[in-house]
Amino acid sequence: MSLRNQVLIWIGSFLVLIALLWLFRGILLPFVVGAALAYLLNPLVNQLQHWRFNRGWATAVVLAVVVAVIVGLFYMVVPLVVQQVGDLIQRLPGYAADLQVLARRWAPELNEWLGPQRAAQVEASVNDMLGQLVGLVGVITGEVVASGMTLINAFGFLVFTPVVTFYLLLDWEAMVRGLESLLPRDHKGEINSVLRDIDSAIGGAIRGQGGVVLILTAFYATALTAVGLNFGLAIGLIAGLFSFVPFVGFAIGLVLSIGIAIVQFWPEWWFVAIVAAIYFVGQFVEGNILYPKLVGSTININPVWMMFALLALGALFGFVGLLLAVPMAAIGSVLVRYGVRKYKESSLYRGQNGHAGGGTPTA
């Protein structure tokens, strides 16, 4: 088979997959979450099998422990978080108004420091930014309420997700062997090599970045609560959970925390400095310790490509698209690097003399 036909087959398969995902996007959530859980838990089930557990018993034990942990966290943490997030959303317009009052109080100092014209421009910019922030929060809240799961959908998610996870875990190894048996024999080794790269990238994206998100969430929520910041638990969770998007969690958490800290603590400015320091410490630890140790070079995805995948798939598939964005970006990155490598090995790139070029760029 020619290189051109192989490329067309891969592109066609990818487009068919996207079309199917879009067509069934309304019912995909339990299947996507179930498949992700099965992928993450399969090594544990394999380990229990290695200890001479039956595959069915190993699957049941692992899934029961995970469900017990999730239910325990739900009853202990979720009610408090939901209450704090709801109170934070209701209180944000008040915080914005308080910041405007403080800005007017500082107006004489600004006039003296910047001059009347520049001070007026700064005050107008701050008021405009605060108005846009409150409006954005209102829009996001409305979208969340409008797109929230109905009682029937929530019940279906809670019922079907464990069932999907159980049966996928039970047949995981058999499904892998079945798919491997369908690979064309002449290209089986090469395809397996690409699939191993994809598995490594997805594993790094889900396990590695998942670990980074959980650690940052715990750090921000604990540190902000310890400082005494109002709604510190909710803001820390928001900042940590959004940290899978490069710099977005950091920016959202920093802006919210600094704004609330100014209203709550001023003129004790050192508390505001401590709140800011928490985020810069978290950003430093993420970039220099957590990401290199937990993720390393397994993903090798450009942050711009990651943000594009999140925005594009979120726009196409909603919440399901956000769940799919990271693994799909990992798969796309591997396939792009593979395509570039094949292109550089082809006569189209090498030309008549067959001289190879430079290295492979990062997708």
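Residues numbered from 1 in each chain as written. Predicted model: local features only at pLDDT ≥ 70, side-chain atom pairs only at ≥ 80, totals over all residues. Heavy atoms only, no water.

Some thoughts on the overall build of the protein chain
Counting its secondary structure elements, the protein chain contains 15 helices and zero strands. Buried positions account for 33% of the 363 residues belonging to the protein chain. Taking contacts inside the protein chain between residues at least 6 apart in sequence as the whole, the part at least 24 apart equals 71%. (Helix = DSSP H or I, 4+ residues; strand = E, 2+ residues; numbered from the N terminus. Buried < 20%, exposed > 50% of the residue type's maximum accessible area, 1.4 Å probe, protein only. Contact = heavy atoms within 4.5 Å.)

Observations concerning the nonpolar core
Counting 27 residues, the largest nonpolar core has L224, L229, I235 and Y279 as its most contacted members. For this core, the elements supplying multiple residues, two or more each, are α4 (78-105), α9 (188-227), α10 (232-241), α11 (248-265) and α12 (269-295). Counting residues per element, this core draws most heavily on α11, which supplies seven residues. Apart from residues no more than four positions distant in its own chain, L224 is found in contact with L229, G232, I235, G236, S257, V275, I278 and Y279. (Core = buried A, V, L, I, M, F, W, Y, C linked by side-chain atoms within 4.5 Å.)

Let's talk about helix α14 (residues 319-345)
Three- or four-residue spacings in an α-helix give side chains the same orientation, since the helix completes a turn every 3.6 residues. With 27 residues, α14 should cover 39 Å at 1.5 Å per step; its first-to-last C-alpha distance of 39 Å lies within 8% of that length. Its axis deflected by about 45 degrees at A325, α14 carries its strongest bend there, up to four residues before the proline P327. (Expected span 1.5 Å × (residues − 1). Bend = angle between axes of the 7 residues up to and from the residue.)

With respect to the environment of Q283
In this structure, Q283 sits in helix α12. For Q283 and F247, which are 36 residues apart along the polypeptide, the C-alpha to C-alpha distance reads 8.5 Å. Sequence-distant contacts of Q283, that is, excluding residues within four places in its chain, are made with Y220, F247 and F250.

Thoughts on the environment of F31
Secondary-structure assignment places F31 in helix α2 (residues 29-50). Counting along the chain gives 133 residues from F31 to V164, while the straight-line C-alpha distance between them is 6.4 Å.

Things to note about helix α3 (residues 55-76)
Between its terminal C-alpha atoms α3 stretches 32 Å, which fits the 32 Å expected from 22 residues at 1.5 Å a residue. Residues of α3 that are buried include every one of R55, A58, T59, V62, L63 and V66, and no others. On an axial view of α3, the arc spanned by its buried residues comes to 115 degrees, and they lie on one face. With respect to the buried face of α3, the exposed residues turned more than 90 degrees away are W57, Y75 and M76. N-capping of α3 is provided by N54, with a side-chain oxygen placed 2.7 Å from the backbone N of G56. (Arc of directions from axis to C-beta. Polar contact = N/O pair within 3.5 Å; in protein donor to acceptor, adjacent residues only side chain to side chain.)

Thoughts on the packing of aromatic side chains
Following the criterion strictly, the structure yields eight aromatic pairs and no others. Ring centres 5.3 Å apart and planes at 85 degrees place the aromatic pair F166 and Y167 in the edge-to-face group. Relative to F271, the ring of F265 has its centre 4.7 Å away and its plane inclined at 20 degrees; by these criteria the two rings are stacked. Overall, F265 belongs to the buried group, its relative accessible area being 10%. Given the relative accessible area of 24%, F271 is considered partly exposed. (Phe/Tyr/Trp six-rings, centres within 6.5 Å; stacked < 30°, edge-to-face > 60°.)

Some thoughts on the packing of α9 against α10
It is the contact of α9 with α10, at a shortest axis distance of 7 Å, that shows an interaxial angle of 155 degrees. In terms of axis orientation, α9 runs roughly antiparallel to α10. Crossing hand, α9 versus α10: right-handed. Where α9 approaches α10, its residues V213, L216, T217, Y220, A221, L224 and T225 are matched on the opposing element by G232, L233, I235, G236, L237, A239, G240 and L241. In terms of residue class, the contact of α9 with α10 is built from 10 nonpolar, five polar and no charged. (Axes fitted to C-alpha atoms, helices over the stretch in contact; angles between N-to-C directions. Parallel < 35°, antiparallel > 145°, perpendicular 65-115°, else oblique. Left-handed = near helix turned anticlockwise from the far one by under 90°. Nonpolar A, V, L, I, M, F, W, Y, C, P; charged D, E, K, R; others polar.)

Topic: the side chain of T59
You can see T59 is positioned in helix α3. On the basis of relative accessibility, which here comes to 0%, the residue T59 falls in the buried class.

So, a nonpolar patch on the surface
Where nonpolar side chains cluster on the molecular surface, the patch consists of W51, F53, W57, V61, V65, V69, L73, M76 and V77 and spans about 940 Å² of accessible area. Structurally, F53 is set in the loop between α2 and α3. (Patch = residues over 30% accessible without salt bridge, like charges linked within 9 Å, V, L, I, M, F, W, Y side chains within 5 Å. Areas by Shrake-Rupley, 256 points an atom, 1.4 Å probe, with all protein chains shown as cover. Salt bridge = Lys/Arg side-chain N within 4 Å of Asp/Glu carboxyl O.)

A closer look at the confidence of the model for the protein chain
Overall, the prediction assigns the protein chain a mean pLDDT of 76, with 77% of residues at 70 or greater. Every residue in residues 141-151 scores below 50 in pLDDT, and together they form four contacts with partners more than four places removed in sequence or on other chains. (pLDDT = per-residue confidence, 0-100.)

A few points about unusual backbone geometry
A positive phi angle, close to 75 degrees, is found at R52, a residue other than glycine. Examined against the element boundaries, R52 turns out to sit in the loop between α2 and α3. By relative accessible area, R52 is classed as exposed at 80%. Even without being glycine, F231 reaches a positive phi, approximately 60 degrees. Position of F231 among the secondary structure elements: in the loop between α9 and α10.

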